Amino acid sequence: MAQETKPRLWTKFYILSCVVFLIGTTVNFMLDSTLTIYAGTVWNSNSIGSLLTTAFTAGSIVASVLIGHISDKVGRQKVLLVGCISFCAGVAAMMISQNAGFNLVCRVFQGIGKGVFSVAGMAIIADVIPRERMGEGMAYSGLGTTLATAFGPMIGLAIIANGNYTGLFTFNTGLFLVVILLVLFLNYEKQEPYRTRILENKQKERELAETAAPQKGLWRFFEKGALPASTTIFFYGAGTTGILVFETKYATEVLQLNNPGWYFTAAAVAMLIVQLVIGKIIDRRGVREVVMLGFFCGILGMILLITCGQYLIPYLIVGWDTIKEAVEALSHGEALDENFLMTVATL
């Protein structure tokens, strides 16, 4: 029997989409890891740094909810291009003024761009991967997030080492202009075999919609079966974001480290190792057991991060000062400082 030939994975569009996702994610990590320091330097306020993150997240959530249906109707390339332009404009505008309100608006536009970029970008990657090699293709594309985690914060922190925030925004704007240029070449939707595959998927969706019960209200935008997984990811993301946003300030101000970028590199190395072996473990043990183990490792890592400067004394003893400062900040209406978020993230 002749050996079955696998369809080609490393096509022009697959490589292009992976590069686009890598650069865009790297820019996002550069900004996330440096903007709290920027807020502390420019406005001497941790709360404004938190509000910058909140504005970004709000824009991202709104865009993520709405953009899926729009991209199916308008086309993924066009939608991705609009998202990239929104993000790029939001970053470039931060060079114009250091007004806090203006910067919050910029972060909203960046968040909208990030939401569109994430949804449309991952959809494009899934579109250009042959169905027979979907797991392999998604795993390789996921390495982009690992590389962005490793190098994005290190590059961003190196640029602002001398307070050069204009240089940071200029560099990120330039990178996203490159992304916009690359997206212009992602015209796979009009070419075979992708065009036929997209038409087949749309036909299947229409058939399912005709047989399924009509959805009302918000359920037109949400899939009920996806709620358990998405809710889990939401809470996990809330915790990790609290760590990510304030990790650089925590490392420099509390732990007195000169190069906190190594925190992100260590996390990226661990992610890379896990990605290389996790597929086989899931096949053997199942998804639930692996997810629970991942949550346990994440919680343990957060506790170690908080207590590492005190030789692993139990959290309620060593973390008392952190909790106290967080509660005091909360009582003064300044809940969104690094002590509060590190506490909430761990809980």
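Provided above is the structure to which this section pertains.
Structural notes, computed from the coordinates. Keep in mind it's a predicted model, so treat the numbers as computed, not measured.

1. Structural notes on helix H4 (residues 76-93)
Counted at 1.5 Å a residue, the expected span for H4 with its 18 residues is 26 Å, and the 26 Å between its end C-alpha atoms agrees. Here H4 has its buried residues at Arg76, Gln77, Val79, Leu80, Gly83, Cys84, Ser86, Phe87, Cys88, Gly90, Val91 and Ala93. Where H4 is buried, its residues meet helix H1 (12-32), helix H3 (46-74), helix H5 (100-128) and helix H7 (165-183).

2. Digging into the side chain of Asp32
As for its placement among the helices and strands, Asp32 is situated in helix H1. Polar side-chain contacts of Asp32 include one of 3.4 Å to the side chain of Arg107.

3. Section: the packing of H3 against H5
Interhelical geometry of H3 versus H5 gives an angle of 35° and a closest axis separation of 6 Å. Relative to H5, the crossing made by H3 is right-handed. Residues Ile48, Leu51, Leu52, Thr53, Ala55, Phe56, Gly59, Ser60, Ala63, Ser64, Ile67 and Gly68 of H3 lie in contact with H5, whose contacting residues are Ala100, Asn103, Leu104, Arg107, Val108, Gln110, Gly111, Ile112, Lys114, Gly115, Val116 and Val119. A class-by-class count of the residues in the contact of H3 with H5 yields 13 nonpolar, 9 polar and 2 charged.

4. A few points about helix H2 (residues 35-42)
Note that an α-helix has 3.6 residues per turn; residues three or four places apart therefore point the same way. Inspection of H2 places Leu35, Thr36, Ile37, Tyr38 and Ala39 among the buried residues, and these make up the whole buried set. Backbone geometry just after H2 places Asn44 at a positive phi near 55°.

5. With respect to the pattern of salt bridges
Scanning all chains against the criterion turns up 2 salt bridges. For Arg107, the salt bridge identified is with Asp32, shortest N-O distance 3.4 Å. In this pair, Arg107 sits in helix H5 while Asp32 sits in helix H1, placing the two residues 75 residues apart along the sequence. Residue classification places Arg107 among the buried positions, given a relative accessible area of 2%. With a closest N to O distance of 2.6 Å, Asp127 and Arg76 form a salt bridge. Of this pair, Asp127 sits in helix H5 while Arg76 sits in helix H4; the two residues are 51 residues apart in sequence, bridging distant segments of the chain.

6. Examining a nonpolar patch on the surface
Together, Trp10, Ile15, Val19 and Tyr140 give the surface a local cluster of nonpolar side chains, amounting to about 360 Å² of exposed area. Its place among the elements puts Trp10 in the segment before H1. Residue classification places Trp10 among the partly exposed residues on the basis of a relative accessible area of 43%.

Definitions and cut-offs
- Residues numbered from 1 in each chain as written.
- Predicted model: local features only at pLDDT ≥ 70, side-chain atom pairs only at ≥ 80, totals over all residues.
- Heavy atoms only, no water.
- Helix = DSSP H or I, 4+ residues; strand = E, 2+ residues; numbered from the N terminus.
- Expected span 1.5 Å × (residues − 1).
- Buried < 20%, exposed > 50% of the residue type's maximum accessible area, 1.4 Å probe, protein only.
- Contact = heavy atoms within 4.5 Å.
- Polar contact = N/O pair within 3.5 Å; in protein donor to acceptor, adjacent residues only side chain to side chain.
- Axes fitted to C-alpha atoms, helices over the stretch in contact; angles between N-to-C directions.
- Left-handed = near helix turned anticlockwise from the far one by under 90°.
- Nonpolar A, V, L, I, M, F, W, Y, C, P; charged D, E, K, R; others polar.
- Salt bridge = Lys/Arg side-chain N within 4 Å of Asp/Glu carboxyl O.
- Patch = residues over 30% accessible without salt bridge, like charges linked within 9 Å, V, L, I, M, F, W, Y side chains within 5 Å.
- Areas by Shrake-Rupley, 256 points an atom, 1.4 Å probe, with all protein chains shown as cover.

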